[in-house]
Amino acid sequence: MAKKNVFKIIKRLLQKRCFHWLIYLSVTGILIACIEVFGLRKILATNHVFARYPRSFERNAVSVDEYRASTPESYSSRSLALELRRKLQLAEGTPDLNVTFSCHSLGVVKDCNGTGERCLQDELPADLETRVKQLAFGENLQVPVRYRDVMRSFAEQIPGVYDVIIVTALSSNHFKESQAFLKSLHAEVFPLLSNFHLVMFDIGLSTEENTQLKKHCRCTVVNFTFEEFPPHFKSLKCFAWKPVIIGSVYFKADVVIWMDASIRFHLPDAIPVMISKAKRQGVVLRHNPANAASPYYTLKQMFEYFGDSPCAHLLFDQVESGFGLYHR
(Lines give C-alpha, C1' and ligand atoms only; values in the text may rest on other atoms or scores of the structure.)
Protein backbone atom coordinates (compact mmCIF):
# COMPACT_ATOMS: atom_id res chain seq x y z
CA MET A 1 0.00 0.00 0.00
CA ALA A 2 2.84 2.42 0.90
CA LYS A 3 4.48 1.72 -2.43
CA LYS A 4 1.26 2.54 -4.29
CA ASN A 5 0.87 5.78 -2.31
CA VAL A 6 4.39 6.89 -3.19
CA PHE A 7 3.70 6.20 -6.85
CA LYS A 8 0.47 8.23 -6.66
CA ILE A 9 2.35 11.14 -5.14
CA ILE A 10 4.98 11.06 -7.87
CA LYS A 11 2.32 10.66 -10.53
CA ARG A 12 0.46 13.71 -9.29
CA LEU A 13 3.68 15.65 -8.75
CA LEU A 14 4.79 15.43 -12.33
CA GLN A 15 2.78 16.49 -15.32
CA LYS A 16 1.77 13.77 -17.71
CA ARG A 17 3.93 14.02 -20.80
CA CYS A 18 4.45 12.03 -23.95
CA PHE A 19 8.10 11.08 -24.35
CA HIS A 20 9.50 10.37 -27.79
CA TRP A 21 11.27 7.02 -27.96
CA LEU A 22 14.58 8.85 -28.43
CA ILE A 23 14.40 9.90 -24.80
CA TYR A 24 14.70 6.27 -23.81
CA LEU A 25 17.78 5.94 -25.99
CA SER A 26 19.27 9.00 -24.33
CA VAL A 27 19.71 7.51 -20.89
CA THR A 28 22.44 5.03 -21.76
CA GLY A 29 24.79 5.89 -18.92
CA ILE A 30 21.99 6.60 -16.44
CA LEU A 31 19.88 3.52 -17.05
CA ILE A 32 22.68 0.99 -17.28
CA ALA A 33 24.69 2.41 -14.38
CA CYS A 34 21.73 3.20 -12.14
CA ILE A 35 18.99 0.73 -13.01
CA GLU A 36 21.25 -2.25 -13.49
CA VAL A 37 23.65 -1.43 -10.65
CA PHE A 38 21.29 0.13 -8.11
CA GLY A 39 18.15 -1.72 -9.11
CA LEU A 40 19.10 -5.23 -10.19
CA ARG A 41 15.68 -6.72 -10.80
CA LYS A 42 17.08 -10.22 -10.41
CA ILE A 43 18.12 -9.31 -6.85
CA LEU A 44 15.18 -7.12 -5.92
CA ALA A 45 12.61 -9.51 -7.36
CA THR A 46 13.68 -12.36 -5.10
CA ASN A 47 13.35 -10.03 -2.10
CA HIS A 48 16.47 -11.33 -0.37
CA VAL A 49 17.25 -10.21 3.15
CA PHE A 50 20.77 -8.85 3.19
CA ALA A 51 23.09 -8.55 6.15
CA ARG A 52 23.43 -4.98 7.36
CA TYR A 53 26.70 -3.25 6.64
CA PRO A 54 28.23 -0.25 8.41
CA ARG A 55 26.96 3.15 7.37
CA SER A 56 30.54 4.30 6.93
CA PHE A 57 30.03 4.08 3.18
CA GLU A 58 27.81 7.16 3.36
CA ARG A 59 30.12 10.09 2.70
CA ASN A 60 29.59 13.78 3.24
CA ALA A 61 29.88 16.23 0.36
CA VAL A 62 33.42 16.26 -0.97
CA SER A 63 35.82 18.99 -1.95
CA VAL A 64 37.00 19.59 -5.50
CA ASP A 65 40.31 17.89 -4.62
CA GLU A 66 38.41 14.80 -3.52
CA TYR A 67 36.34 15.02 -6.69
CA ARG A 68 39.54 14.83 -8.73
CA ALA A 69 40.30 11.48 -7.11
CA SER A 70 36.79 10.13 -7.48
CA THR A 71 37.42 7.76 -10.38
CA PRO A 72 36.62 4.05 -10.62
CA GLU A 73 40.25 3.35 -9.79
CA SER A 74 39.79 4.97 -6.36
CA TYR A 75 37.18 2.39 -5.31
CA SER A 76 37.34 -1.37 -5.06
CA SER A 77 34.69 -3.60 -6.61
CA ARG A 78 34.14 -5.12 -3.18
CA SER A 79 33.46 -1.79 -1.44
CA LEU A 80 31.03 -0.79 -4.19
CA ALA A 81 29.28 -4.17 -3.98
CA LEU A 82 28.94 -3.84 -0.20
CA GLU A 83 27.42 -0.37 -0.59
CA LEU A 84 25.05 -1.68 -3.25
CA ARG A 85 24.08 -4.55 -0.96
CA ARG A 86 23.27 -2.08 1.81
CA LYS A 87 21.18 0.04 -0.56
CA LEU A 88 19.24 -3.00 -1.67
CA GLN A 89 18.53 -3.90 1.91
CA LEU A 90 17.08 -0.44 2.54
CA ALA A 91 15.10 -0.34 -0.69
CA GLU A 92 11.45 -1.25 -0.75
CA GLY A 93 10.85 -4.94 -1.34
CA THR A 94 9.29 -6.07 -4.58
CA PRO A 95 7.14 -9.16 -5.16
CA ASP A 96 8.62 -12.29 -6.65
CA LEU A 97 8.44 -12.50 -10.44
CA ASN A 98 7.33 -15.69 -12.08
CA VAL A 99 9.84 -15.75 -14.93
CA THR A 100 8.83 -18.34 -17.49
CA PHE A 101 11.35 -17.58 -20.21
CA SER A 102 15.07 -17.30 -20.80
CA CYS A 103 17.33 -16.31 -23.65
CA HIS A 104 17.68 -19.99 -24.47
CA SER A 105 13.95 -20.72 -24.43
CA LEU A 106 13.39 -17.72 -26.70
CA GLY A 107 15.91 -19.15 -29.14
CA VAL A 108 18.05 -16.02 -29.31
CA VAL A 109 21.29 -17.48 -27.98
CA LYS A 110 23.76 -19.13 -30.30
CA ASP A 111 26.80 -21.19 -29.42
CA CYS A 112 29.77 -18.97 -30.25
CA ASN A 113 32.44 -21.19 -28.73
CA GLY A 114 35.22 -21.70 -31.20
CA THR A 115 33.69 -19.39 -33.82
CA GLY A 116 35.68 -16.31 -32.94
CA GLU A 117 32.48 -14.31 -32.37
CA ARG A 118 31.88 -12.42 -29.17
CA CYS A 119 29.76 -14.41 -26.72
CA LEU A 120 27.05 -12.22 -25.19
CA GLN A 121 25.93 -12.68 -21.61
CA ASP A 122 22.45 -14.21 -21.73
CA GLU A 123 21.78 -13.91 -17.99
CA LEU A 124 22.73 -11.11 -15.63
CA PRO A 125 24.90 -12.34 -12.74
CA ALA A 126 23.26 -12.60 -9.31
CA ASP A 127 26.58 -11.88 -7.60
CA LEU A 128 26.76 -8.14 -6.93
CA GLU A 129 30.53 -7.79 -7.11
CA THR A 130 30.63 -9.55 -10.48
CA ARG A 131 28.05 -7.13 -11.91
CA VAL A 132 29.82 -4.11 -10.42
CA LYS A 133 33.06 -5.21 -12.08
CA GLN A 134 31.27 -5.56 -15.41
CA LEU A 135 29.68 -2.10 -15.25
CA ALA A 136 32.28 0.00 -13.47
CA PHE A 137 35.67 -1.52 -14.23
CA GLY A 138 35.54 -2.61 -17.88
CA GLU A 139 38.25 -0.99 -19.99
CA ASN A 140 35.71 0.04 -22.62
CA LEU A 141 33.54 1.74 -19.97
CA GLN A 142 36.08 4.19 -18.54
CA VAL A 143 35.52 7.87 -19.29
CA PRO A 144 38.70 9.17 -20.97
CA VAL A 145 40.75 11.57 -18.86
CA ARG A 146 40.24 14.45 -21.30
CA TYR A 147 36.47 14.27 -20.82
CA ARG A 148 36.76 13.85 -17.05
CA ASP A 149 38.81 17.04 -17.00
CA VAL A 150 36.02 18.90 -18.79
CA MET A 151 33.44 17.50 -16.38
CA ARG A 152 35.70 18.58 -13.52
CA SER A 153 35.81 22.11 -14.95
CA PHE A 154 32.00 22.16 -14.94
CA ALA A 155 31.95 21.10 -11.27
CA GLU A 156 34.50 23.75 -10.30
CA GLN A 157 32.12 26.46 -11.49
CA ILE A 158 29.66 25.47 -8.78
CA PRO A 159 30.43 27.49 -5.63
CA GLY A 160 30.74 25.11 -2.68
CA VAL A 161 29.17 21.76 -1.89
CA TYR A 162 25.56 21.11 -0.91
CA ASP A 163 23.13 18.62 0.54
CA VAL A 164 21.03 18.93 -2.62
CA ILE A 165 21.77 20.20 -6.12
CA ILE A 166 18.90 20.64 -8.57
CA VAL A 167 20.21 20.56 -12.12
CA THR A 168 18.72 20.98 -15.58
CA ALA A 169 19.77 22.09 -19.07
CA LEU A 170 18.22 24.58 -21.48
CA SER A 171 18.27 25.38 -25.17
CA SER A 172 16.36 28.21 -26.86
CA ASN A 173 13.36 26.07 -27.75
CA HIS A 174 12.73 25.47 -24.04
CA PHE A 175 13.59 28.94 -22.72
CA LYS A 176 10.00 30.20 -22.36
CA GLU A 177 8.98 26.90 -20.83
CA SER A 178 11.76 27.27 -18.27
CA GLN A 179 10.26 30.49 -16.92
CA ALA A 180 7.26 28.61 -15.53
CA PHE A 181 9.67 25.93 -14.28
CA LEU A 182 11.68 28.53 -12.35
CA LYS A 183 8.58 30.18 -10.94
CA SER A 184 7.40 26.79 -9.70
CA LEU A 185 10.81 26.05 -8.18
CA HIS A 186 11.16 29.44 -6.48
CA ALA A 187 7.65 29.45 -5.06
CA GLU A 188 7.07 25.79 -4.20
CA VAL A 189 10.40 23.97 -3.73
CA PHE A 190 13.05 26.45 -2.55
CA PRO A 191 11.20 27.19 0.74
CA LEU A 192 11.29 23.48 1.61
CA LEU A 193 15.05 22.99 1.22
CA SER A 194 18.19 24.10 3.03
CA ASN A 195 21.81 23.96 1.92
CA PHE A 196 20.83 23.47 -1.71
CA HIS A 197 21.78 24.98 -5.04
CA LEU A 198 20.27 25.24 -8.52
CA VAL A 199 22.55 24.66 -11.53
CA MET A 200 21.37 25.29 -15.09
CA PHE A 201 23.45 24.25 -18.08
CA ASP A 202 23.30 26.32 -21.25
CA ILE A 203 23.11 23.84 -24.13
CA GLY A 204 21.96 26.28 -26.80
CA LEU A 205 20.64 29.58 -25.47
CA SER A 206 21.13 32.88 -27.22
CA THR A 207 23.36 35.50 -25.59
CA GLU A 208 20.30 37.47 -24.48
CA GLU A 209 18.59 34.39 -23.05
CA ASN A 210 21.75 33.44 -21.17
CA THR A 211 21.94 36.95 -19.69
CA GLN A 212 18.29 36.91 -18.64
CA LEU A 213 18.70 33.47 -17.07
CA LYS A 214 21.66 34.58 -14.97
CA LYS A 215 19.71 37.64 -13.85
CA HIS A 216 16.56 35.88 -12.69
CA CYS A 217 17.23 32.18 -12.03
CA ARG A 218 18.89 32.44 -8.57
CA CYS A 219 21.29 29.78 -9.78
CA THR A 220 24.68 29.02 -11.32
CA VAL A 221 24.66 28.95 -15.13
CA VAL A 222 27.28 26.71 -16.73
CA ASN A 223 27.95 26.73 -20.47
CA PHE A 224 28.21 23.22 -21.90
CA THR A 225 31.28 23.23 -24.17
CA PHE A 226 30.18 20.88 -26.93
CA GLU A 227 33.42 21.36 -28.87
CA GLU A 228 35.26 19.43 -26.15
CA PHE A 229 33.12 16.32 -26.64
CA PRO A 230 32.50 13.94 -29.57
CA PRO A 231 30.46 15.40 -32.48
CA HIS A 232 27.26 13.49 -31.67
CA PHE A 233 26.89 15.49 -28.44
CA LYS A 234 25.79 18.47 -30.56
CA SER A 235 22.69 16.56 -31.63
CA LEU A 236 20.58 17.55 -28.65
CA LYS A 237 17.95 14.87 -29.26
CA CYS A 238 20.60 12.19 -28.72
CA PHE A 239 20.75 13.39 -25.08
CA ALA A 240 24.37 12.26 -24.70
CA TRP A 241 24.95 15.45 -22.71
CA LYS A 242 22.48 14.51 -19.95
CA PRO A 243 24.44 11.80 -18.07
CA VAL A 244 27.59 13.91 -18.48
CA ILE A 245 25.90 16.87 -16.79
CA ILE A 246 24.59 14.73 -13.94
CA GLY A 247 28.03 13.17 -13.52
CA SER A 248 29.65 16.60 -13.48
CA VAL A 249 27.69 17.82 -10.45
CA TYR A 250 27.42 14.44 -8.77
CA PHE A 251 30.25 14.90 -6.31
CA LYS A 252 29.31 18.44 -5.36
CA ALA A 253 26.18 17.32 -3.50
CA ASP A 254 24.84 14.49 -1.39
CA VAL A 255 21.75 14.23 -3.61
CA VAL A 256 21.47 15.39 -7.23
CA ILE A 257 17.98 16.04 -8.60
CA TRP A 258 17.65 16.18 -12.39
CA MET A 259 14.56 18.00 -13.64
CA ASP A 260 13.52 18.69 -17.22
CA ALA A 261 12.32 22.25 -17.81
CA SER A 262 8.79 20.94 -18.33
CA ILE A 263 8.47 19.82 -14.69
CA ARG A 264 5.87 21.55 -12.51
CA PHE A 265 5.23 20.96 -8.81
CA HIS A 266 1.69 20.19 -7.68
CA LEU A 267 2.71 18.43 -4.44
CA PRO A 268 6.04 20.05 -3.47
CA ASP A 269 5.94 18.44 -0.01
CA ALA A 270 6.77 15.17 -1.76
CA ILE A 271 10.26 16.47 -2.65
CA PRO A 272 11.75 16.04 0.86
CA VAL A 273 10.14 12.58 1.02
CA MET A 274 11.79 11.58 -2.25
CA ILE A 275 15.14 13.00 -1.12
CA SER A 276 14.99 10.79 1.98
CA LYS A 277 14.06 7.83 -0.19
CA ALA A 278 17.00 8.52 -2.52
CA LYS A 279 19.36 8.55 0.46
CA ARG A 280 18.06 5.15 1.53
CA GLN A 281 18.11 3.33 -1.79
CA GLY A 282 20.41 5.38 -4.02
CA VAL A 283 18.14 6.22 -6.96
CA VAL A 284 14.56 7.41 -7.43
CA LEU A 285 13.20 7.39 -10.98
CA ARG A 286 9.65 7.64 -12.26
CA HIS A 287 8.21 4.38 -13.58
CA ASN A 288 5.02 4.02 -15.54
CA PRO A 289 3.52 0.50 -15.37
CA ALA A 290 2.52 0.92 -19.02
CA ASN A 291 6.15 1.26 -20.11
CA ALA A 292 7.52 -1.49 -22.31
CA ALA A 293 10.63 -3.56 -21.55
CA SER A 294 13.88 -1.74 -22.36
CA PRO A 295 14.94 -3.96 -25.31
CA TYR A 296 11.85 -2.93 -27.28
CA TYR A 297 13.02 0.69 -27.64
CA THR A 298 16.78 0.44 -27.23
CA LEU A 299 19.30 -0.30 -29.95
CA LYS A 300 20.65 -3.82 -29.48
CA GLN A 301 24.17 -2.44 -29.88
CA MET A 302 23.69 -0.70 -26.54
CA PHE A 303 23.35 -3.97 -24.67
CA GLU A 304 26.02 -5.66 -26.75
CA TYR A 305 28.50 -2.94 -25.85
CA PHE A 306 28.10 -4.02 -22.23
CA GLY A 307 28.50 -7.66 -23.25
CA ASP A 308 24.83 -8.48 -22.70
CA SER A 309 22.23 -10.02 -24.94
CA PRO A 310 19.17 -7.73 -25.17
CA CYS A 311 16.92 -10.57 -24.04
CA ALA A 312 18.74 -10.64 -20.68
CA HIS A 313 17.10 -7.26 -20.00
CA LEU A 314 13.52 -8.20 -20.79
CA LEU A 315 12.67 -8.04 -17.07
CA PHE A 316 13.61 -4.36 -16.93
CA ASP A 317 10.95 -1.83 -17.86
CA GLN A 318 11.81 1.58 -19.19
CA VAL A 319 11.85 4.46 -16.74
CA GLU A 320 11.37 8.12 -17.53
CA SER A 321 14.49 10.26 -17.49
CA GLY A 322 12.87 13.69 -17.13
CA PHE A 323 12.94 13.57 -13.34
CA GLY A 324 15.31 11.64 -11.11
CA LEU A 325 17.15 11.72 -7.80
CA TYR A 326 20.66 10.26 -7.39
CA HIS A 327 22.40 9.79 -4.05
CA ARG A 328 26.19 9.78 -4.04
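About the criteria used
Residues numbered from 1 in each chain as written. Predicted model: local features only at pLDDT ≥ 70, side-chain atom pairs only at ≥ 80, totals over all residues. Heavy atoms only, no water. Helix = DSSP H or I, 4+ residues; strand = E, 2+ residues; numbered from the N terminus. Buried < 20%, exposed > 50% of the residue type's maximum accessible area, 1.4 Å probe, protein only. Polar contact = N/O pair within 3.5 Å; in protein donor to acceptor, adjacent residues only side chain to side chain. Core = buried A, V, L, I, M, F, W, Y, C linked by side-chain atoms within 4.5 Å. Contact = heavy atoms within 4.5 Å. Salt bridge = Lys/Arg side-chain N within 4 Å of Asp/Glu carboxyl O. Phe/Tyr/Trp six-rings, centres within 6.5 Å; stacked < 30°, edge-to-face > 60°.

## A short note on the environment of D254
- With respect to the helices and strands, D254 occurs in strand β4 (residues 253-259).
- Accessibility expressed as a relative area gives 13% for D254, which makes it buried.
- At 3.2 Å, the side chain of D254 forms a polar contact with the side chain of H327.

## Some thoughts on the nonpolar core
- Ranked by internal contacts, the top residues of the largest apolar core, which has 33 residues, are V167, F201, F224, W241 and I245.
- When contributions to this core are tallied by element, the ones reaching two or more residues are α8 (145-156), β1 (162-170), β2 (196-202), α11 (241-249), β4 and β5 (283-286).
- A total of five residues in this core trace back to one element, the largest contributor, which is α11.
- Contact partners of I245, with chain neighbours within four places excluded, come to V167, A169, F201, I203, F224 and W258.
- Among the nonpolar cores identified, the runner-up in size contains 31 residues, and L185, V221, I263 and A278 belong to it.

## A closer look at the pattern of salt bridges
- Taken as a whole and judged by the stated rule, the model has nine salt bridges.
- For R152, the salt bridge identified is with D149, shortest N-O distance 2.4 Å. Of this pair, R152 and D149 both sit in helix α8, separated by three residues, roughly a single helical turn.
- Where D260 meets K242, a salt bridge forms, and the shortest distance between an N and an O atom there is 3.4 Å. In this pair, D260 sits in the loop between β4 and α12 (270-281) while K242 sits in helix α11, placing the two residues 18 residues apart along the sequence.

## Concerning the packing of aromatic side chains
- In this structure the tally under the stated criterion is 13 aromatic pairs.
- Pairing W241 with W258 gives two aromatic rings, centres 6.3 Å apart and planes at 45°, and the pair type is tilted. Here the residue W241 occupies a position in helix α11, and W258 occupies one in strand β4, the gap between them amounting to 17 residues.
- A residue is classified by how much of its surface remains accessible, and W241, at 5% relative accessible area, is buried.
- The class of W258 is buried, set by a relative accessible area of 1%.
- Connected via pairs of aromatic rings, a cluster forms that spans Y147, F154, F201, F224, F226, F229 and F233.

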